[in-house]
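Here is how the chains run, residue by residue.
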Amino acid sequence: MIMLPEIGHYVLILAMMFALALAVLPMMGYLQRNAILLSTAKPLTYLMSGLTCASFIILAIAFAQDDFSVLYVSQHSNSLLPIWYKISAVWGGHEGSLLLWITILTLWAALLAFKSETLPNSTGPVVLSVLGIVATGFLAFILFTSSPFLRILPDQPVDGVDLNPLLQDIGLIIHPPMLYMGYVGFSVAFAFAIAALITGNLNASWARWARPWTNVSWAFLTLGIALGSWWAYYELGWGGWWFWDPVENASLMPWLAGTALIHSLAVTEKRGVFKSWTVLLAIFTFSLSLLGTFLVRSGVLTSVHAFASDPTRGVFILALLVIIIGSSLFLYALRASQVKSQVSFGLTGRESWLLINNILLTILTLTVLLGTLYPLIFDAFNLGKISVGAPYFNAVFSPIALLLIVFMGIGPLAKWHNTKGAMLWRLSWLPAVLAIVLASLVFTFHEFDVYMWVSFAIALWLVLMCLRDWLDKVLAARQSLWQRARKLPRHYYGMQLAHIGVAVSLIGVIFVSMNSTETIVRMAPGDRVDVGGYEFEFLGTRHVEGPNYTADTGVINVYQDGQVITQMLPQKRLYQARQQMMTEAALDPGFTRDLYISLGEPLADGAWGVRIYIKSFVRWIWLGGLLMMAGGLLAAWDKRYRRKTGA
Amino acid sequence: MHPVRKKRMITIAVILVVLAAAIGLVMYALSQNINLFYSPTQIAQGEAPQNVTIRAGGMVVDNSVERASDSLDVAFSVTDYQHSVRIEYTGILPDLFREGQGIVAQGKLDERGVLIASEVLAKHDEEYMPPEVTDALEKAQAQ
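Per an unreviewed UniProt entry, chain B carries the name Cytochrome c-type biogenesis protein CcmE and comes from Marinomonas aquimarina.

Under an unreviewed UniProt entry, the name given to chain A is Cytochrome c-type biogenesis protein CcmF, and the organism recorded is Marinomonas aquimarina. Per UniProt, the comment on chain A under Sequence similarities (unreviewed entry) is "Belongs to the CcmF/CycK/Ccl1/NrfE/CcsA family." For chain A, the Function (unreviewed entry) comment in UniProt is given as "Required for the biogenesis of c-type cytochromes. Possible subunit of a heme lyase."

In structure tokens, the structure reads:
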């Protein structure tokens, strides 16, 4: 048993060898038309994947067994840590999270190999081979710069330094795997695109194969981002849900590009247009995933989410990034000129609406990219150290995103190739009027704000248009509504669900920013304070012992109309191993509002600084995210992707 | 004009207009929202502008943290070991704020040369040092 970490390291080296073989052999097989070499792709993928998983499991075992002779374990775990946090500590640091990254990549590859029966004979191996190239790069990165299996012998520490207390949380157990599933899942679409470029087989079929994979990855990424936002909301102790921080932007950019990709793949599959653009977008999306990994892991940007990181690793990832993106774009430049769209598209058709979607999403991605990288550009030219503030992102992102949502209402109604203006008008005038009337009604109860009013009307417009479109589809036929509704394909419902999810999130965002109350007060025991219709009474603090921390728990009674409605217990924890302070906010969640209390610092005479927030509709932001995710999965589950294709 | 070419022209024109509008918006927003970082030495030498949002950072000086007894006002100094600058803030400091640690604050300099901070940046990890602070310390040491 004592040799286990060495075995883990060795297994990882083997995995890299197989990844390298996967990168080379099937590709040679394709070029030399050698069926035997081509047939190696599947077994090599399974071997690479199995071995990488084995090494991941070995690391998890080292954590579970408190093997503090392993440097990485000793830095991120502690014997007092509850077992589920020991397991999640596997991805609590740089080395382990990269191992998770590559493990998920190889799992996607294995799943693709398993499903590759539906692909034509030469495409499957080439796609897997492309994934092999990416895997080789990242496995080499882990082995050469950041192996999690290094030992500290013979002076092994008695106990570990502990997992960063911020990460000791349910949100952080599931957030990174979900996020990576999404990030890395885009590698499949990327591999399809590259394989299409290599084989020159750029007809619409690659888009059909790539679509379900892209949808599923996008769904995971959506969930990952929503979880991250939720975690930041309650765990960072200051109640924000999005900070436009570089690390957050790093996950948002592939999401935006991925959203564009989903839509552009639809056009390419259905109409055979935008072909070269879709390929470029697939490359672009995965490149942004890689860039995100680089930004998070290199520590080049100041971020509230930044964890200690090592610049030499940054250089390695940057090199990897440049090689992968550079060679993809080079290949694209060589091949894309051969692609000709066979079908032209009408200016009034759905193609045009989706083109608008793609333009706006691309612009959104680029504005986030620019804002995120601007400090690096500034620094590179020795102009000084700067940071780009959240107001930049709010000012630029919001209007473009709102415009996009306006079009989201209309786009799905349009017909392919050609849409009659009269038809669009017939369907959309009523929702437009209703949205404006309803929004105005709501604002009679609230202080008027033009921007918020417009945003809210747009959110309502989107919901009403989704509804209108559905009604139009189910009422059109002679069959009963129920029969007709059941006949609509899953991908249609997936789209509707995701679009409504966007509206739900938007409503959440509007109300949180418009209707929330935030107070930071000094409270001594016995003090009462009124915040937004609730009365909060601070009864003092009591001492609490946790498994690996001690804490002061503030006891706060909440009154509404003179009645106690709940008691809230925010904590200030001191984690012993690291001697690190942590704020654990108390939440009273609700469908239309969250009560949020966190303790600041102890002041004189038993008084504390206390943050009391009332967050309107904040849950809707993440609820919308869940709807989007469900929509993405539903669309991917559509029956037509199960059909075998011989093309 | 040929219909296909006309269609293409319209598409390209639309893209260009949208792009131009977006670039205008971006440039304007960027020019309004860039916050330059100044080290304590730069501030002491008067290089930093007053009443403009900037970032400043360094190591929190030991025993420099003063808390008001009846409010959430707090003041402390940060140093790059050549010069130091006083920072005043109202609110709750992040969990990992501690004397002897590197921090970055965002705010405006007043006429006394004190940074009135609107935000003191938190971080997730004790070992993490903001890159600007590392850079400022290295520069100060080189002098």
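Participant: In this structure, what is going on with the packing of aromatic side chains? I would like to understand it.
Facilitator: Here the distance between the centres and the angle between the planes together describe a pair of aromatic rings. Residue and element names in this part refer to chain A. Taken as a whole and judged by the stated rule, the model has 30 aromatic pairs over all chains. Counting every residue linked through ring pairs, the aromatic cluster contains Phe443, Phe448, Trp453, Phe456, Phe511, Phe591, Phe617 and Trp620. Positioned above the aromatic ring of Trp416 is the side chain of Arg350, whose terminal nitrogen or guanidinium carbon lies 5.2 Å from the ring centre.

Participant: What should I look at first to understand the nonpolar core in this one?
Facilitator: Most often, soluble globular proteins have nonpolar side chains that are buried together. Ranked by internal contacts, the top residues of the largest apolar core, which has 198 residues, are A:Trp101, A:Phe138, A:Phe192 and A:Trp206. At 18 residues, helix H8 (residues 170–199) of chain A tops the list of elements feeding residues into this core. Contact partners of A:Phe192, with chain neighbours within four places excluded, come to A:Leu112, A:Leu119, A:Val127, A:Trp206, A:Trp209, A:Ala210 and A:Trp213. One finds B:Val85, B:Tyr89, B:Ile103 and B:Leu115 within the second-largest nonpolar core, a separate group that totals 20 residues.

Participant: What exactly am I supposed to notice about the interface of chain B and chain A here?
Facilitator: Accessible area lost upon the coming together of the parts is a frequently used measure of interface size. The interface of chain B with chain A comprises 40 residues on the first partner and 56 residues on the second. In total, about 4000 Å² of surface goes out of reach between chain B and chain A, with carbon and sulfur atoms giving 64% of it. At the junction of chain B with chain A, the criterion picks out 2 salt bridges. Here A:Lys572 and B:Asp95 are joined by a salt bridge, their closest N and O atoms 2.7 Å apart. For the pair chain B and chain A, the number of links is 9 residue pairs in polar contact (both at pLDDT 80 or more). Elements supplying a minimum of two residues to the side of chain B that touches chain A: helix H1 (3–32), strand S1 (34–38) and helix H3 (131–142) of chain B. Per-element tally for the side of chain B that touches chain A: the top contributor is H1(B), with 11 residues. Direction of pairing for strand S1 (residues 386–388) of chain A relative to S1(B): antiparallel, over a ladder of 3 bridges. Following the sheet pairing, A:Ile386 is matched in S1(B) by B:Leu36.

Analysis parameters
- Each chain carries its own residue numbering, running from 1 in the direction its sequence is written.
- Whichever chain is written first becomes A and whichever ligand is written first becomes 1, with later ones labelled in order.
- In keeping with the predicted nature of the model, local features appear solely for residues at pLDDT of at least 70, side-chain atom pairs appear and are counted solely at 80 or more, and the whole-chain, interface and lining totals rest on all residues.
- Think of the side-chain values as coming from all heavy atoms in the structure, minus any hydrogens and water.
- UniProt positions are given in the numbering used here, feature names are shortened, and annotations may be inferred rather than shown by experiment.
- Ring geometry is summarised as follows: Phe, Tyr and Trp rings, the Trp one being its six-membered ring, pair when their centres sit within 6.5 Å, and such pairs are stacked at plane angles under 30 degrees, edge-to-face over 60 and tilted between the two.
- Only Lys NZ and Arg CZ are tested; either one counts as a charge over a ring when it is within 6 Å of the ring centre and within 35 degrees of the ring normal.
- As used in this record, nonpolar core signifies buried Ala, Val, Leu, Ile, Met, Phe, Trp, Tyr and Cys residues forming a set joined through side-chain atoms within 4.5 Å.
- Relative accessibility thresholds used throughout: buried, under 20% of the residue-type maximum; exposed, over 50%; partly exposed, between the two (1.4 Å probe, protein chains only).
- Strands are runs of DSSP state E lasting at least 2 residues, helices are runs of H or I lasting at least 4, and numbering of each runs from the N terminus.
- Should any heavy atoms of two residues lie within 4.5 Å, those residues are counted as being in contact.
- We define buried area as the total accessible area lost by two parts upon association, computed with a 1.4 Å probe and summed across both.
- The salt bridge definition used is simple: a Lys or Arg side-chain nitrogen within 4 Å of an Asp or Glu carboxyl oxygen.
- Polar contacts, as counted here, are pairs of nitrogen or oxygen atoms within 3.5 Å of one another; within protein the pair requires one atom able to donate a hydrogen and one able to accept it, and residues that are adjacent in sequence qualify only if both atoms are side-chain atoms.
- We call two strands paired when DSSP finds no fewer than two bridges between them.

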